[in-house]
Amino acid sequence: MGPGTNNLQVRKINRNRVFRYINSVEKTSMPEIASALRMSTPTVLGVVKELLKEGIVEEVGEFGSTGGRKAKAYAARKDTRYSIGVDLTKNHVGITYTDFTQQAKCHERVYKPFEDTADYFQEVARLIRKFVEENQIDQDKILGMAMAVPGIVDEERGMITASHALGIHGVSLDKWKDYLPYPCKFTNDANAAAIAECAVSDIQGNMLYLLLSNTVGGAARMQTLNGGEGLKPRLYLGDNWRSCEFGHMVIRPEGNRCYCGKIGCLDTYCSALRLAEQTEGNLERFFVEMEEGNEKYRRIFAKYLDDLTIAVDNLRMQFDCRVILGGYVGCYLEPYIHVLQEKMRERDIFGSSGDYVMACRSRKEASALGGAVLVMEEYLESV
Ligand SMILES: [Zn+2]
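Residues numbered from 1 in each chain as written. Predicted model: local features only at pLDDT ≥ 70, side-chain atom pairs only at ≥ 80, totals over all residues. Heavy atoms only, no water.

Per an unreviewed UniProt entry, the chain is named ROK family transcriptional regulator, and its organism is Suipraeoptans intestinalis. Among the UniProt annotations of the chain, the heading Sequence similarities (unreviewed entry) holds the following wording: "Belongs to the ROK (NagC/XylR) family." UniProt annotates the chain under Function (unreviewed entry) with the comment "Transcriptional repressor of xylose-utilizing enzymes." (UniProt positions renumbered as here; feature names shortened; annotations may be inferred.)

**Here we look at the coordination of the zinc ion**
Taken together, His248 (ND1), Cys258 (SG), Cys260 (SG) and Cys265 (SG) make up the full set of protein donors to the zinc ion, lying 2.1 to 2.3 Å away. Note that the zinc ion binds four donor atoms; their angles at the metal cover 104 to 119°, and the shape is tetrahedral. Coordination of the zinc ion draws on donor residues from a single chain, spaced H-x9-C-x1-C-x4-C in sequence. Relative accessible area serves as the criterion here: at 38%, Cys260 is assigned to the partly exposed category. (Donors = N, O, S within 2.8 Å, 3.2 Å for Na, K, Ca; no water. Tetrahedral: all angles 85-135°; square planar, octahedral: opposite > 155°, others 65-115°. Buried < 20%, exposed > 50% of the residue type's maximum accessible area, 1.4 Å probe, protein only.)

**What to know about the pattern of salt bridges**
Evaluation of the coordinates by the stated rule reveals 23 salt bridges. Between Glu50 and Arg11 there is a salt bridge; the shortest N-O distance is 3.1 Å. Remark: Arg11 occurs in helix 1 (residues 7-24) and Glu50 occurs in helix 3 (residues 41-54); sequence separation between them is 39 residues. Take Glu50: its relative accessible area is 26%, and that puts it in the partly exposed class. (Salt bridge = Lys/Arg side-chain N within 4 Å of Asp/Glu carboxyl O. Helix = DSSP H or I, 4+ residues; strand = E, 2+ residues; numbered from the N terminus.)

**Some details on the sheet that holds strand 9 (residues 168-172)**
The pairing of strands in a sheet happens through backbone hydrogen bonds and is either parallel or antiparallel. Pairing within the open sheet is antiparallel, and its three strands lie in the order 7-8-9. In this open sheet, the two edge strands, each paired with only one partner strand, are strand 7 (152-154) and strand 9. Within the sheet, the average angular offset between the axes of one strand and its neighbour, ignoring direction, is 10°. As paired strands, strand 8 (residues 159-163) and strand 9 are joined by four bridges and run antiparallel to one another. Residue pairing across strands places Met159 opposite Ser172, the latter belonging to strand 9. (Pairing = 2+ DSSP bridges. Axes fitted to C-alpha atoms, helices over the stretch in contact; angles between N-to-C directions.)

**Some thoughts on unusual backbone geometry**
Positive phi is not limited to glycine here, since Arg38 has a value of about 50°. Owing to a relative accessible area of 80%, Arg38 belongs among the exposed residues under this scheme. A positive phi angle is found at Asp202, which is not glycine, with a value near 55°. Position of Asp202 relative to the elements: it lies in the loop between helix 6 (189-201) and strand 11 (207-212).

**Quick word on the environment of Asn282**
Turning to its location among the elements, Asn282 is positioned in the loop between helix 8 (273-276) and helix 9 (283-291). Separated by 10 residues in the primary sequence, Asn282 and Ala272 place their C-alpha atoms 9.8 Å from one another. A polar contact is formed between the side chain of Asn282 and the backbone nitrogen of Glu284, at a distance of 3.2 Å. (Polar contact = N/O pair within 3.5 Å; in protein donor to acceptor, adjacent residues only side chain to side chain.)

**Remarks on helix 4 (residues 118-134)**
End to end, helix 4 covers 24 Å across 17 residues, agreeing with the expected 24 Å (1.5 Å per residue, within 8%). All buried positions along helix 4 are accounted for by Tyr120, Phe121, Val124, Ala125, Leu127, Ile128, Phe131 and Val132. Projected onto a plane normal to the axis of helix 4, the buried residues spread over an arc of 155° and lie on a single side. The outward face of helix 4, more than 90 degrees from its buried face, is lined by the exposed residues Asp119 and Glu133. Buried residues in helix 4 make contact with strand 3 (82-88), strand 4 (92-98), strand 5 (106-111), strand 6 (142-149) and helix 5 (174-177). (Expected span 1.5 Å × (residues − 1). Arc of directions from axis to C-beta. Contact = heavy atoms within 4.5 Å.)

**Notes on the domain arrangement of the chain**
Here the domain parsing of the chain yields domain 1 (7-76), domain 2 (82-194 + 366-382) and domain 3 (202-359). Look at where the C-alpha atoms of domain 1 and domain 2 centre, and you get two points 34 Å apart. Residue-level contacts link six residues of domain 1 with six residues of domain 2. At the boundary of domain 1 with domain 2, total buried surface from both sides reaches about 540 Å², with 41% on carbon and sulfur atoms. Where domain 1 touches domain 2, the interface holds two salt bridges. In this structure, Arg20 engages Glu377 in a salt bridge whose closest nitrogen and oxygen atoms are separated by 2.7 Å. Residue contributions to the side of domain 1 that touches domain 2 peak at four residues, all from helix 1. Along the lines of polarity and charge, the residues of the side of domain 1 that touches domain 2 split into three nonpolar, two polar and one charged. (Domains from an automatic or database assignment. Buried area = accessible area lost by both parts, 1.4 Å probe. Nonpolar A, V, L, I, M, F, W, Y, C, P; charged D, E, K, R; others polar.)

Structural data, given as structure tokens:
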């Protein structure tokens, strides 16, 4: 802790560390917390008493005796609060919710083509209310919601400055908020998916997330020195909320024209459409038929992996950290990841084994879950 840290701040930090520890395990005891966090027993005792009184931690029996008095077991009440995450895409609305576990409790995807109209947002609000009702989520426990959007979200000015996928530019988010049933934050869909991946896979350090959906985007979570709290990873957002637009890195200067106007962007080679266009938009069918022996699909996929290799190698050279492949295609890559890792190894000038590239583990409604985690994380930070 820095020299400027006063007693009140120390108390707050200790309280949060104790709570986070209890929340990270199924159940624990006072001596175990004190030992894991290297805190004095009276400090831990004081915090646990507070958390018990507030009802966010509860007593759940006793641990077996090791000779002396039996230690009481404590656990976080994971269902004390809920948050809702919504993912808006060109054609669908995805909804999920989470609790202290930061895992998806349930999710739903509804076909609903986007329109920037009152009717559309009234319908989205109705879907959210229906979802809350059907899952019997206690209204009083809902902290709020976050909405992930495929576009540049300026969170400071509360605007979507541009979204190619939704076909909108310079849209104020305030008018959308008015229709929604809960206080709502907005975030970029790739950033949200990266947040979900970190929660699901329990990733602690630096990471890049390459979103391979119908457009290609990305996110970067970077560790920086943060006051007295040590290394705390944060999303890197850029000067204009346009960081990590990996889809518009040029990988083939003599190549195809991208929708952005440039020639040879990664997006034109590695979007999910490049595979799904073979099977009338059905990506699952592409992988199934390829596995059944479709030679043409095998060649297309091999070429896809070649292009992906160039991009991932470039990212590794710039950021020197793990690269997670997510989005629609990322969900199908686990069986082929060793092929990709071998390709990365061959290119790596620093002799890495290539195992820094991984397929995503958060595969269902990742962006929606990321939104829910964003809201929940803010609450957990405040405990
Ligand atoms: Zn482009």
